[in-house]
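Chains, contacts and geometry: an overview
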Amino acid sequence: MDDATGQPTTTDAQYMARALDLASQAAARGEVPVGAVLVDRSSGRILAEAGNETEAAADPTAHAEMLAIRRAAAASGRPRLPGTTLYVTLEPCTQCAGAISFARIDRLVFAAVDPKGGAVVSGVRFFEQPTCHHRPVVERFDDAGRAAELLRGFFRPRRRRAGGDDPPPDDARPGARPAARSVTTSQLALPAEASAADPSSA
Ligand code: ZN
């Protein structure tokens, strides 16, 4: 993408890299590693960004997307955020998909698919429902490997601490494949790489 002067502007990959940094920072705080960056499409300016804060805030709704949306809306003094792109490292859940719609966000770019907790290309596919009144353009980020690895790395030691065996590969996990198979659009011919995510907390 170029700006009006022909100078290269920040790319999707750079914004997603920032979201991944926020996810890593969340993991270091003991949060589920998800990061989100909300960008004004015309200026390329980051309006707000966040990692998950559900543990620190003792708030089950404090997902990265929710926090970025709340912060940007509060800063703008308006409840809707048209003309923006939201970059998220993990497919948004039902709550966050609803918030993205309510906020009138233009475009959603996410990295890892979450067959167990997602609501965009998994689960309820909120944006495809007739009760959804604003649908963003949805794009999968090409390289979801780092986002998925962050999630796997986060949950693997937790399972070990809990006394469980190492989780089987994603494609051997019950629940992961059926969700992935149920996807019918071309976007979904992708590995269920984020199925290690705990849908109750991601
Ligand atoms: Zn969410």
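The text that follows walks through the structure, step by step, so that each part is easy to find.

Scoring rules and cut-offs
Residues numbered from 1 in each chain as written. Predicted model: local features only at pLDDT ≥ 70, side-chain atom pairs only at ≥ 80, totals over all residues. Helix = DSSP H or I, 4+ residues; strand = E, 2+ residues; numbered from the N terminus. Buried ≥ 20, exposed ≤ 12 C-beta atoms within 10 Å, placed from the backbone. Contact = placed C-beta atoms within 7 Å. Arc of directions from axis to C-beta. Pairing = 2+ DSSP bridges. Axes fitted to C-alpha atoms, helices over the stretch in contact; angles between N-to-C directions. Expected span 1.5 Å × (residues − 1).

**So, the overall build of the protein**
Counting its secondary structure elements, the protein contains six helices and five strands. The linear arrangement of helices and strands in the protein, starting from the amino end, is α-β-β-α-α-β-α-β-β-α-α. In the protein, which comprises 202 residues, the share counted as buried stands at 41%. The long-range share in the protein, meaning contacts at least 24 apart out of those at least 6 apart in sequence, stands at 61%.

**Remarks on helix α4 (residues 94-102)**
Every buried residue of α4 is accounted for by C96, A97, A99 and I100. When α4 is viewed along its axis, its buried side chains cluster within an angular range of 160° and face the same direction. Phi turns positive, to about 60°, at R104, one or two residues after α4.

**With respect to the sheet that holds strand β3 (residues 84-90)**
In space, the five strands of this open sheet follow the order β2-β1-β3-β4-β5, with mixed pairing throughout. With one partner strand each, in any of the chains shown, β2 (46-51) and β5 (137-140) form the two edges of the open sheet. Between one strand and the next, the sheet's axes are offset by a mean angle of 15°, whatever the strand orientation. Pairing analysis gives five bridges linking strand β1 (residues 35-40) to β3, with the strands arranged antiparallel. Within β3, the residue paired with V37 across the bridge is Y87. Each of β1, β2 and β3 is contacted by helix α3 (residues 64-76), which is oriented at about 145° to β2, the strand it contacts most.

**Quick look at unusual backbone geometry**
Here A58, not a glycine, exhibits a phi torsion of approximately 50°, which is positive. Checked against the element boundaries, A58 lands in the loop between α2 (54-57) and α3. For A58, a count of 8 C-beta atoms within 10 Å translates into the label exposed. The backbone phi angle of R125 is positive, close to 45°, even though this residue is not glycine. If you trace the backbone, R125 turns up in the loop between β4 (107-112) and β5. Judged by the 18 C-beta atoms lying within 10 Å of it, R125 falls in the partly exposed class.

**Describing helix α1 (residues 12-28)**
The terminal C-alpha atoms of α1 lie 24 Å apart, and with 17 residues this matches the ideal 24 Å at 1.5 Å per residue to within 8%. Every buried residue belonging to α1 is among Y15, M16, A19, L20, L22, A23 and A26, and all of these are buried. The arc that holds every buried residue of α1, seen down its axis, measures 160°, which confines them to one face. In α1, the exposed positions that point more than 90 degrees away from the buried face belong to A13 and A28. Looking one or two places after α1, you find G30, whose phi comes out positive at around 85°.

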